[in-house]
Amino acid sequence: MRGMVSKPLREARVAARGAFGGWLMLMAAAGCARIDPSPRIEEALDLVERQTGQRPAWHAPWDDQPPAWDANSVLTLDQALALALRNNRELRAALEQIGQADAELVQAGLLRNPSLNFMMMFPSGGGRAMLRGSGLPMQPLEDLWLIPARQEAARAELQRAVLSVADRAAEIAAAVKKTYARLQYSQRALELMRENRNLVDQSTSIIRARQTAGRASQVDVNFSHIRSLKLKSELIQVEAEHRAAQRELLMLMGFAGAGDGWRVEPASESAAVLDAPPGEDLLLLAAAERRLDVKAAEWQAKAAAAELKLMRREALPETALGLGLERAPAPRSNNPGWAGRAGNVAARGLLDRATGMPSPIMLPEAFAPKMREIDWTLGPMIDLELPLFDQGQARIAQARHQYLRRRAEYEAKLQEVTRQVRETLVMYRRAYDQARFYGESIVPEVERNLQLARQAYVAGQEGLTLFLDVQEDLIMTRLKIVEYAREYRVQRAELERVIGGRLEVPDSAVPATRPADGAAAAPPPPAADTPAETVSLTCAMHPQIRRDAPGRCPICDMALTPASKPAK
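First, a word on what this report is: a plain description of the structure on this page. Every chain's residues receive numbers from 1 upward, in the order its sequence appears when written. At least 70 in pLDDT is required for a residue's local features to be given in this predicted model, at least 80 for side-chain atom pairs to be given and counted, and no such filter applies to totals for whole chains, interfaces and linings, which use all residues. Excluded from the side-chain calculations are hydrogens and water; all other atoms, namely the structure's heavy atoms, are used.

1. Observations concerning the overall build of the protein chain
Now for step 1: Along the backbone of the protein chain there are eleven helices and eleven strands.
Now for step 2: The 568 residues of the protein chain split such that 39% are buried.
Now for step 3: The contact rule is simple, with two residues in contact once any of their heavy atoms fall within 4.5 Å. For the protein chain, long-range pairs separated by at least 24 residues make up 82% of all intrachain contacts whose partners lie at least 6 apart in sequence.
Now for step 4: The Shrake-Rupley method, run with a 1.4 Å probe sphere, supplies the accessible areas, and residue values consider only the shown protein chains as cover. Accessible surface computed for the protein chain: about 31700 Å², of which carbon and sulfur atoms make up 56%. Secondary structure elements are taken from DSSP: a helix is a run of H or I of four residues or more, a strand is a run of E of two residues or more, and numbering for both begins at the N terminus. Using a 1.4 Å probe on the protein chains alone, a residue whose accessible area is under 20% of its type maximum counts as buried, one over 50% counts as exposed, and one in between counts as partly exposed.

2. Overview of the pattern of salt bridges
Note on pairing: side chains with opposite charge can pair once their charged atoms come close.
Now for step 1: Every case where a carboxyl oxygen of Asp or Glu lies within 4 Å of a side-chain nitrogen of Lys or Arg is listed as a salt bridge. Applying the stated criterion to the full structure yields 39 salt bridges.
Now for step 2: Two residues, Arg492 and Asp275, come together in a salt bridge whose shortest N-O distance is 3.2 Å. One end of the pair, Arg492, is in helix 11 (residues 464–499); the other, Asp275, is in strand 5 (residues 273–275), and 217 residues separate them in sequence. Each member of the pair, Arg492 as well as Asp275, is classed as buried.
Now for step 3: Sharing partners across several salt bridges, the network here consists of Glu90, Asp167, Arg168, Glu171 and Arg497.

3. Concerning empty space enclosed by the protein
Now for step 1: Residues are called lining when one of their atoms sits within 4 Å of a cavity or pocket point, these points coming from a 1 Å grid over the protein atoms alone, where a cavity is a set in which a 1.4 Å probe fits but cannot get out and a pocket is an open set with protein on both sides within 12 Å along at least five of seven lines. Grid points are joined across faces, edges and corners, and a volume is the space filled by probe spheres set on the points. Under the counting rule described, the total for this entry stands at two cavities of 30 Å³ or more.
Now for step 2: Counted as a void, the largest cavity has a volume near 110 Å³.
Now for step 3: As for the largest cavity, its lining consists of Gln51, Thr52, Ala170, Ala173, Ala174, Lys177, Ala493, Glu496, Arg497, Gly500 and Gly501.
Now for step 4: Listing elements by their share of the lining of the largest cavity, those giving two or more residues are helix 2 (38–52), helix 5 (143–212) and helix 11.
Now for step 5: Of the residues forming the lining of the largest cavity, the biggest block, four residues, is contributed by helix 5.
Now for step 6: Its residues assigned to classes, the lining of the largest cavity shows four nonpolar, four polar and three charged. For this scheme, ten residues count as nonpolar: Ala, Val, Leu, Ile, Met, Phe, Trp, Tyr, Cys and Pro. Four count as charged, namely Asp, Glu, Lys and Arg, and the remainder, Gly too, count as polar.

Here you go:
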């Protein structure tokens, strides 16, 4: 009969196998973690759409090549916003924070890997080795109270990441709106400045003609020429600023290396409609409720509070539970294995053949094993940390100060938002008041003055130079309105940014200015019936072109200049 094993020991082995199998199934279920940040990205997309009116295409890769723009292409504000929210590299980099935070949340809910120990001791005289180890892997028990705290902290950090990404998208959208407004009004300013320079050039040509007729001095000619040069210098500066703004918008849209052969939608200072600024209290309330960075700071403070709770729980002693087993050593066995038994049988057969009779030599029975004691021990095992030197005081204190810091940063953010709203509102009201004042008070006066100058010129009471000067004054006034209208749009975009959303309920809407019908756009008045003002104009490159009124050559588009003729 083979080595005898007691019934209780067999039952213990069966129970150990069942426990081990159940443990494996539990660990496999606990280790099946699914990482999918898509729902959180959708949450961020909803926030961005609510704040900007645009839903970014973040599920698609960004565009490596810009659209095929040409000199006649017009880039709309909606197109610029869509391209920026999809292709801006800084925004795409910030978007990865959501995936990282989501993975951290999954990791926070996982049990720590168990440990398995096994030891063998070999007897010096040979024989069976002693075995000692864990029947089941040692599983840390502190995960039972640490995982909820880790998940709470990770969940708060994930919410902060979602809000931060959406806030970054809103910030980029506001930057696009401000840059686009600057482009619109610098584009309009360039048109007015070129128109003004043409008027100054015409005035200079007339003054030169009057000098030839003895009606003007060289000082008058030089003064008009210097004015034209200054206008050219200002034009060069505005053109450079316009190109720089184009490149800034290209960078925001993710096409920093693209060309600038495109235009933005035209903006007319006369067609602008300005919304009166809302009340300060209403804006402060909206900012407190809608600012995503304020909410992100609040969630960051909540994450710090959860981290403090986690540090306090981690200060508890580490504990692990498992199942230990041990097999006692035994001396060398007198019972050979199967090979030995077969050898015994063969040896006995050879000996019997050699002697022709059964051998008197006593050999071990091949299939009669020697009985021996087999000792197994099996029972639970606990691994307990002794917190003699490190009770976690330093980590708890660090977490507490981190929480206090986040709370103070949250309060500081509230203070900063209040300052931003009030400061931006002041600038918004200034631009609104100035644009409205120019449109309702100054422009009508300049237009009436232009009408009087036109009537005086037609009646022969004033020369053409005065009429052109008044017309230039109207253009400069319109340039000033363009400046304030641009500032109004920029400050409006900034105000929407600092309150965390669009200004959807304006208190009132008033026109910024009335159209200057027939003012600068009207053709020059008919020449007065005075010999001194009757000047034949021609083109320096094409002398065959003759005109009685200021204008440009239909062939080369150069400004017409007085034809040379002897003075009377």
